[in-house]
Amino acid sequence: MILAAGCSWTDAQFSSSDQSLKEEDRGPWPMWPEIMGKELNLKVKNVGLSGCDNKYIFDACIDEVWKHTKIDLCVVMWTGWDRFRYLNIQKYPMVTYAMANPVGEDNKTYADQLIVDGKRTEKEVNEFFSQYFLEKDLDEFTPFYNQPNDVLKRYSEDVIDTTFRYMHLLAITLENNNIPYIFVQGIPAFPLGWVSSNYSDEEVLKDMMRCVYMPYLKKNKNIIGFPFQRSFGGTTMFNVVNAAGPNYGVSELDKHPNGKGQNLMAEKLMRHYDLLYR
(Lines give C-alpha, C1' and ligand atoms only; values in the text may rest on other atoms or scores of the structure.)
Protein backbone atom coordinates (compact mmCIF):
# COMPACT_ATOMS: atom_id res chain seq x y z
CA MET A 1 0.00 0.00 0.00
CA ILE A 2 1.15 3.54 -0.80
CA LEU A 3 0.61 6.07 1.96
CA ALA A 4 0.37 9.51 0.37
CA ALA A 5 0.10 12.81 2.23
CA GLY A 6 -0.08 16.46 1.26
CA CYS A 7 -2.43 19.39 0.77
CA SER A 8 -4.71 20.22 -2.16
CA TRP A 9 -1.96 19.19 -4.57
CA THR A 10 -2.55 15.65 -3.24
CA ASP A 11 -6.18 15.56 -2.02
CA ALA A 12 -8.20 13.08 -4.11
CA GLN A 13 -11.31 15.24 -3.56
CA PHE A 14 -9.72 18.42 -4.90
CA SER A 15 -11.90 20.58 -7.15
CA SER A 16 -10.96 24.07 -8.31
CA SER A 17 -12.75 27.07 -6.84
CA ASP A 18 -12.38 29.03 -10.08
CA GLN A 19 -16.07 29.49 -10.84
CA SER A 20 -15.34 30.86 -14.32
CA LEU A 21 -14.29 27.39 -15.50
CA LYS A 22 -16.58 24.73 -16.91
CA GLU A 23 -17.44 22.08 -14.35
CA GLU A 24 -15.47 19.39 -16.18
CA ASP A 25 -12.38 21.64 -16.14
CA ARG A 26 -12.47 22.09 -12.36
CA GLY A 27 -11.83 18.46 -11.46
CA PRO A 28 -11.60 16.06 -9.85
CA TRP A 29 -9.13 14.02 -11.84
CA PRO A 30 -6.69 11.22 -10.94
CA MET A 31 -4.10 12.63 -8.53
CA TRP A 32 -0.43 11.67 -8.37
CA PRO A 33 -0.91 9.05 -5.57
CA GLU A 34 -3.52 7.17 -7.57
CA ILE A 35 -1.37 7.38 -10.72
CA MET A 36 1.62 5.97 -8.82
CA GLY A 37 -0.54 3.25 -7.31
CA LYS A 38 -1.63 2.11 -10.75
CA GLU A 39 1.94 2.17 -12.01
CA LEU A 40 3.24 0.13 -9.05
CA ASN A 41 0.15 -2.10 -8.79
CA LEU A 42 -0.37 -1.05 -5.17
CA LYS A 43 -3.42 0.11 -3.25
CA VAL A 44 -3.35 3.73 -2.11
CA LYS A 45 -4.28 5.40 1.15
CA ASN A 46 -4.42 9.11 0.30
CA VAL A 47 -4.63 11.26 3.44
CA GLY A 48 -4.10 14.50 1.49
CA LEU A 49 -6.28 17.34 2.73
CA SER A 50 -6.88 20.64 0.94
CA GLY A 51 -5.73 23.65 2.94
CA CYS A 52 -3.87 21.67 5.58
CA ASP A 53 -0.55 22.55 7.23
CA ASN A 54 2.58 20.45 7.69
CA LYS A 55 1.61 19.46 11.23
CA TYR A 56 -1.43 17.69 9.81
CA ILE A 57 0.74 15.92 7.23
CA PHE A 58 3.23 14.81 9.88
CA ASP A 59 0.50 13.67 12.29
CA ALA A 60 -1.44 11.77 9.61
CA CYS A 61 1.65 9.82 8.52
CA ILE A 62 2.83 9.04 12.05
CA ASP A 63 -0.66 7.83 13.00
CA GLU A 64 -0.75 5.42 10.04
CA VAL A 65 2.67 4.01 10.93
CA TRP A 66 1.69 3.45 14.55
CA LYS A 67 -1.56 1.77 13.53
CA HIS A 68 0.78 -0.92 12.18
CA THR A 69 -0.63 -0.40 8.72
CA LYS A 70 1.22 -2.39 6.05
CA ILE A 71 2.94 0.39 4.13
CA ASP A 72 5.03 -0.46 1.05
CA LEU A 73 5.86 3.16 0.27
CA CYS A 74 5.22 6.54 1.88
CA VAL A 75 5.25 9.63 -0.36
CA VAL A 76 4.87 13.06 1.21
CA MET A 77 4.33 16.30 -0.69
CA TRP A 78 4.89 18.99 1.95
CA THR A 79 2.86 22.20 1.88
CA GLY A 80 3.65 25.84 2.72
CA TRP A 81 5.79 26.10 5.84
CA ASP A 82 4.05 29.20 7.18
CA ARG A 83 0.60 27.61 7.39
CA PHE A 84 -0.81 26.87 10.83
CA ARG A 85 -4.09 25.98 12.49
CA TYR A 86 -5.46 28.10 15.34
CA LEU A 87 -8.72 27.38 17.20
CA ASN A 88 -9.83 25.04 14.38
CA ILE A 89 -9.27 27.70 11.72
CA GLN A 90 -6.56 27.22 9.10
CA LYS A 91 -4.34 30.26 8.57
CA TYR A 92 -2.36 31.17 5.43
CA PRO A 93 -0.18 34.13 6.48
CA MET A 94 1.93 34.62 3.36
CA VAL A 95 -0.87 34.06 0.85
CA THR A 96 -3.08 36.42 2.83
CA TYR A 97 -0.38 39.10 2.89
CA ALA A 98 0.46 38.76 -0.81
CA MET A 99 -3.17 39.19 -1.86
CA ALA A 100 -3.39 42.73 -0.49
CA ASN A 101 0.20 43.98 -0.21
CA PRO A 102 2.88 44.74 -2.83
CA VAL A 103 5.36 41.84 -3.13
CA GLY A 104 8.23 40.77 -5.36
CA GLU A 105 10.05 42.71 -8.04
CA ASP A 106 6.81 44.05 -9.57
CA ASN A 107 5.90 45.67 -6.23
CA LYS A 108 2.22 44.85 -6.80
CA THR A 109 -0.20 42.55 -5.05
CA TYR A 110 -0.53 39.17 -6.73
CA ALA A 111 -4.20 39.93 -7.39
CA ASP A 112 -3.35 43.29 -9.01
CA GLN A 113 -0.78 41.64 -11.27
CA LEU A 114 -3.50 39.41 -12.73
CA ILE A 115 -5.85 42.35 -13.25
CA VAL A 116 -3.21 44.58 -14.87
CA ASP A 117 -2.16 41.76 -17.18
CA GLY A 118 -5.77 41.63 -18.37
CA LYS A 119 -6.02 37.93 -17.59
CA ARG A 120 -8.99 38.30 -15.25
CA THR A 121 -11.46 40.95 -14.13
CA GLU A 122 -11.24 42.51 -10.69
CA LYS A 123 -14.52 40.80 -9.72
CA GLU A 124 -13.21 37.34 -10.71
CA VAL A 125 -9.94 37.87 -8.85
CA ASN A 126 -11.61 39.14 -5.68
CA GLU A 127 -14.15 36.31 -5.62
CA PHE A 128 -11.48 33.66 -6.06
CA PHE A 129 -9.04 34.95 -3.46
CA SER A 130 -11.68 35.78 -0.85
CA GLN A 131 -11.75 32.08 0.07
CA TYR A 132 -8.16 32.19 1.33
CA PHE A 133 -8.31 34.83 4.03
CA LEU A 134 -10.49 36.70 6.46
CA GLU A 135 -10.31 40.48 6.83
CA LYS A 136 -9.13 40.13 10.42
CA ASP A 137 -6.26 37.90 9.23
CA LEU A 138 -5.21 40.60 6.79
CA ASP A 139 -5.20 43.16 9.59
CA GLU A 140 -2.96 40.86 11.63
CA PHE A 141 -0.51 39.62 9.01
CA THR A 142 0.06 42.91 7.16
CA PRO A 143 1.83 44.65 10.07
CA PHE A 144 3.62 41.43 11.03
CA TYR A 145 5.55 41.06 7.76
CA ASN A 146 6.49 44.74 7.90
CA GLN A 147 8.24 44.36 11.26
CA PRO A 148 11.98 44.91 11.81
CA ASN A 149 14.58 42.41 10.68
CA ASP A 150 15.26 40.97 14.15
CA VAL A 151 11.58 40.07 14.65
CA LEU A 152 11.39 38.40 11.26
CA LYS A 153 14.59 36.49 12.01
CA ARG A 154 13.03 34.90 15.10
CA TYR A 155 9.98 34.04 13.02
CA SER A 156 12.08 32.56 10.20
CA GLU A 157 14.12 30.41 12.57
CA ASP A 158 10.99 29.11 14.30
CA VAL A 159 9.22 28.19 11.05
CA ILE A 160 12.30 26.50 9.59
CA ASP A 161 13.12 24.59 12.79
CA THR A 162 9.53 23.35 13.11
CA THR A 163 9.32 22.23 9.48
CA PHE A 164 12.71 20.52 9.42
CA ARG A 165 11.84 18.78 12.69
CA TYR A 166 8.71 17.30 11.11
CA MET A 167 10.69 16.12 8.09
CA HIS A 168 13.54 14.65 10.11
CA LEU A 169 11.38 12.86 12.68
CA LEU A 170 9.08 11.40 10.04
CA ALA A 171 12.08 10.21 8.00
CA ILE A 172 13.62 8.56 11.07
CA THR A 173 10.31 6.91 11.98
CA LEU A 174 9.90 5.50 8.47
CA GLU A 175 13.49 4.26 8.38
CA ASN A 176 13.17 2.60 11.78
CA ASN A 177 10.07 0.77 10.51
CA ASN A 178 11.77 -0.21 7.22
CA ILE A 179 9.29 1.78 5.14
CA PRO A 180 10.58 3.16 1.82
CA TYR A 181 9.75 6.83 1.38
CA ILE A 182 10.05 9.91 -0.83
CA PHE A 183 9.65 13.53 0.29
CA VAL A 184 9.04 16.46 -2.04
CA GLN A 185 7.83 20.04 -1.64
CA GLY A 186 4.58 20.91 -3.40
CA ILE A 187 3.83 24.64 -3.29
CA PRO A 188 6.50 27.33 -2.66
CA ALA A 189 8.01 26.49 0.70
CA PHE A 190 8.86 29.66 2.61
CA PRO A 191 9.21 32.75 0.35
CA LEU A 192 9.83 35.21 3.18
CA GLY A 193 12.35 37.14 1.10
CA TRP A 194 9.68 37.63 -1.58
CA VAL A 195 6.92 38.61 0.85
CA SER A 196 8.84 41.02 3.07
CA SER A 197 11.26 43.75 2.06
CA ASN A 198 12.76 43.56 5.56
CA TYR A 199 14.18 40.05 5.11
CA SER A 200 16.18 38.48 2.27
CA ASP A 201 16.51 35.06 0.66
CA GLU A 202 20.13 34.99 1.82
CA GLU A 203 19.03 35.42 5.43
CA VAL A 204 16.50 32.60 5.05
CA LEU A 205 19.29 30.35 3.75
CA LYS A 206 21.47 31.23 6.75
CA ASP A 207 18.60 30.30 9.06
CA MET A 208 18.32 26.96 7.29
CA MET A 209 22.03 26.29 7.59
CA ARG A 210 21.91 26.96 11.35
CA CYS A 211 19.09 24.46 11.90
CA VAL A 212 20.20 21.37 13.80
CA TYR A 213 18.37 19.07 11.35
CA MET A 214 19.94 20.58 8.23
CA PRO A 215 22.97 18.21 7.95
CA TYR A 216 20.76 15.12 7.97
CA LEU A 217 18.16 16.46 5.53
CA LYS A 218 20.80 17.84 3.17
CA LYS A 219 22.33 14.40 2.57
CA ASN A 220 19.04 12.47 2.51
CA LYS A 221 18.68 11.00 -0.99
CA ASN A 222 14.98 10.28 -0.40
CA ILE A 223 14.21 14.00 -0.56
CA ILE A 224 13.68 15.57 -3.98
CA GLY A 225 14.79 19.16 -4.54
CA PHE A 226 16.00 20.02 -1.04
CA PRO A 227 16.18 22.77 0.27
CA PHE A 228 13.20 23.54 -2.00
CA GLN A 229 14.09 27.18 -2.68
CA ARG A 230 15.02 27.79 -6.32
CA SER A 231 17.42 30.59 -5.37
CA PHE A 232 19.34 28.01 -3.28
CA GLY A 233 19.51 25.40 -6.04
CA GLY A 234 16.42 23.55 -4.83
CA THR A 235 13.10 22.91 -6.51
CA THR A 236 9.42 22.25 -5.81
CA MET A 237 6.61 20.61 -7.72
CA PHE A 238 5.25 24.12 -8.24
CA ASN A 239 8.45 24.90 -10.17
CA VAL A 240 8.10 21.69 -12.20
CA VAL A 241 4.47 22.31 -13.17
CA ASN A 242 5.02 26.02 -13.83
CA ALA A 243 8.01 25.33 -16.09
CA ALA A 244 5.94 22.88 -18.16
CA GLY A 245 3.64 25.71 -19.26
CA PRO A 246 0.07 26.91 -18.78
CA ASN A 247 -1.49 23.70 -20.10
CA TYR A 248 -0.43 21.91 -16.92
CA GLY A 249 -2.20 24.25 -14.49
CA VAL A 250 -5.90 24.77 -13.80
CA SER A 251 -6.11 28.45 -14.82
CA GLU A 252 -4.47 31.88 -14.54
CA LEU A 253 -6.17 32.27 -11.16
CA ASP A 254 -5.81 28.74 -9.89
CA LYS A 255 -2.21 27.55 -10.00
CA HIS A 256 -3.03 24.01 -8.89
CA PRO A 257 -1.92 21.32 -11.34
CA ASN A 258 -4.67 19.97 -13.58
CA GLY A 259 -4.86 16.36 -14.78
CA LYS A 260 -1.81 16.79 -17.01
CA GLY A 261 0.05 18.43 -14.15
CA GLN A 262 -0.77 15.53 -11.85
CA ASN A 263 0.61 13.08 -14.40
CA LEU A 264 3.75 15.18 -14.72
CA MET A 265 4.31 15.12 -10.95
CA ALA A 266 3.69 11.37 -10.83
CA GLU A 267 6.29 10.85 -13.57
CA LYS A 268 8.91 12.82 -11.61
CA LEU A 269 8.13 10.87 -8.43
CA MET A 270 8.29 7.56 -10.29
CA ARG A 271 11.70 8.46 -11.74
CA HIS A 272 13.01 9.09 -8.24
CA TYR A 273 11.38 5.88 -6.98
CA ASP A 274 13.11 3.91 -9.75
CA LEU A 275 16.41 5.54 -8.85
CA LEU A 276 16.08 4.59 -5.17
CA TYR A 277 14.26 1.27 -5.14
CA ARG A 278 14.44 -0.49 -8.52
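Here the structure is a predicted model, which is why all the values come from computation and not from measurement. (Residues numbered from 1 in each chain as written. Predicted model: local features only at pLDDT ≥ 70, side-chain atom pairs only at ≥ 80, totals over all residues. Heavy atoms only, no water.)

A. Expanded view of helix 12 (residues 259–277). If you check helix 12, its first and last C-alpha atoms are 26 Å apart, about what 19 residues at 1.5 Å a residue would give, namely 27 Å. All buried positions along helix 12 are accounted for by Gly259, Gly261, Gln262, Leu264, Met265, Ala266, Leu269, Met270, His272 and Tyr273. (Helix = DSSP H or I, 4+ residues; strand = E, 2+ residues; numbered from the N terminus. Expected span 1.5 Å × (residues − 1). Buried < 20%, exposed > 50% of the residue type's maximum accessible area, 1.4 Å probe, protein only.)

B. Structural detail: the sheet that holds strand 2 (residues 44–46). Pairing is parallel in the open sheet, where four strands are placed in the order 2-1-3-6. The open sheet has two free edges, formed respectively by strand 2 and strand 6 (181–185), since each of these has just one partner strand. The average undirected angle you get between the axes of adjacent strands in this sheet is 10 degrees. Summarising the sheet, strand 1 (residues 2–5) and strand 3 (residues 73–78) pair through four bridges and their orientation is parallel. Looking at strand 3, one finds that Ile2 is bridged to Leu73. Docked against the sheet, helix 1 (residues 32–40) engages strand 1, strand 2 and strand 3, running at close to 165 degrees with respect to strand 1. Against the sheet, helix 2 (residues 54–66) contacts strand 1, strand 2 and strand 3, and its axis sits at roughly 170 degrees relative to strand 3. (Pairing = 2+ DSSP bridges. Axes fitted to C-alpha atoms, helices over the stretch in contact; angles between N-to-C directions. Contact = heavy atoms within 4.5 Å.)

C. Structural context of the pattern of salt bridges. One pass over the full model with this rule turns up nine salt bridges. Lys153 is the partner of Asp207 in a salt bridge, and the nearest nitrogen-oxygen pair spans 3.0 Å. Note that Asp207 is positioned in helix 9 (residues 201–210) and Lys153 in helix 7 (residues 149–176), a separation of 54 residues in sequence. For Lys153, a relative accessible area of 26% gives the class partly exposed. Between Arg210 and Asp207 there is a salt bridge, and its shortest N-O distance comes to 3.1 Å. Residue Arg210 and its partner Asp207 are located together in helix 9, separated by three residues, close to a single helical turn. Overall, Arg210 belongs to the exposed group, its relative accessible area being 53%. (Salt bridge = Lys/Arg side-chain N within 4 Å of Asp/Glu carboxyl O.)

D. Structural detail: the pairing of strand 1. Burial along strand 1 is two-sided: Ile2 and Ala4 and Leu3 and Ala5, pointing in opposite directions, are all buried. In the sheet, strand 1 pairs with strand 2 via three bridges, with the strands oriented parallel. Each residue of the ladder has a partner; that of Ile2, found in strand 2, is Val44. On the question of chirality, the crossover connecting strand 1 to the parallel strand 2 by way of helix 1 is right-handed. (Right-handed = clockwise from strand over helix to strand, strands pointing away.)

E. Structural context of a nonpolar patch on the surface. A contiguous nonpolar surface patch, about 340 Å² in accessible area, is contributed by Phe84, Tyr86 and Leu87. Take Phe84: it is sitting in strand 4 (residues 84–86). Overall, Phe84 belongs to the partly exposed group, its relative accessible area being 33%. (Patch = residues over 30% accessible without salt bridge, like charges linked within 9 Å, V, L, I, M, F, W, Y side chains within 5 Å. Areas by Shrake-Rupley, 256 points an atom, 1.4 Å probe, with all protein chains shown as cover.)

F. Structural view of helix 5 (residues 122–129). Taken together, the buried positions of helix 5 are occupied by Val125, Phe128 and Phe129. The buried residues of helix 5 occupy an angular sector of 85 degrees when the element is viewed end-on, so they sit on one face. (Arc of directions from axis to C-beta.)

G. Expanded view of the layout of surface pockets. Quantified by volume, the largest pocket comes out at close to 1,500 Å³. Around the largest pocket, the lining is made up of 45 residues, and of these Val95, Ile187, Pro188, Trp194 and Phe238 lie nearest the centre. With four residues, helix 3 (residues 93–100) is the single largest residue contributor to the lining of the largest pocket. Classifying every residue of the lining of the largest pocket gives 21 nonpolar, 16 polar and eight charged. By volume, the second largest pocket amounts to about 360 Å³. Considering the residues around the second largest pocket, the lining is formed by 19 residues, among which Trp81, Asp82, Arg83, Phe84 and Val159 are closest to the centre. Those elements giving two or more residues to the lining of the second largest pocket turn out to be helix 2, strand 4, helix 6 (135–144) and helix 7. Of the residues that constitute the lining of the second largest pocket, the class distribution is nine nonpolar, three polar and seven charged. (1 Å grid on protein atoms, 1.4 Å probe; cavity = no way out; pocket = protein on both sides within 12 Å on 5 of 7 lines; lining within 4 Å. Points joined across faces, edges and corners; volume = space filled by probe spheres on them. Nonpolar A, V, L, I, M, F, W, Y, C, P; charged D, E, K, R; others polar.)

H. Broad picture of the nonpolar core. Counting 83 residues, the largest nonpolar core has Trp81, Phe164 and Leu269 as the members making the most contacts within it. By residue number, the principal contributor to this core is helix 7, which donates 10 residues. If near-sequence neighbours (up to four positions away) are discounted, Trp81 is found in contact with Asn54, Val159, Ile160, Thr163, Phe164, Met167, Gln185, Ala189, Phe190, Met208, Pro227 and Phe228. Counting residues in hydrophobic clusters, the runner-up holds five residues, among them Phe14, Leu21, Trp29 and Val250. (Core = buried A, V, L, I, M, F, W, Y, C linked by side-chain atoms within 4.5 Å.)

I. Molecular detail of the packing of aromatic side chains. Per the counting criterion, the structure on display carries 16 aromatic pairs. Connected via pairs of aromatic rings, a cluster forms that spans Trp81, Tyr97, Phe144, Tyr145, Tyr155, Phe164, Phe190, Phe226 and Phe228. Note that Lys260 overlies the ring of Tyr248, its terminal NZ or CZ placed 4.6 Å from the centroid. (Phe/Tyr/Trp six-rings, centres within 6.5 Å; stacked < 30°, edge-to-face > 60°. Lys NZ or Arg CZ within 6 Å of the ring centre and 35° of its normal.)

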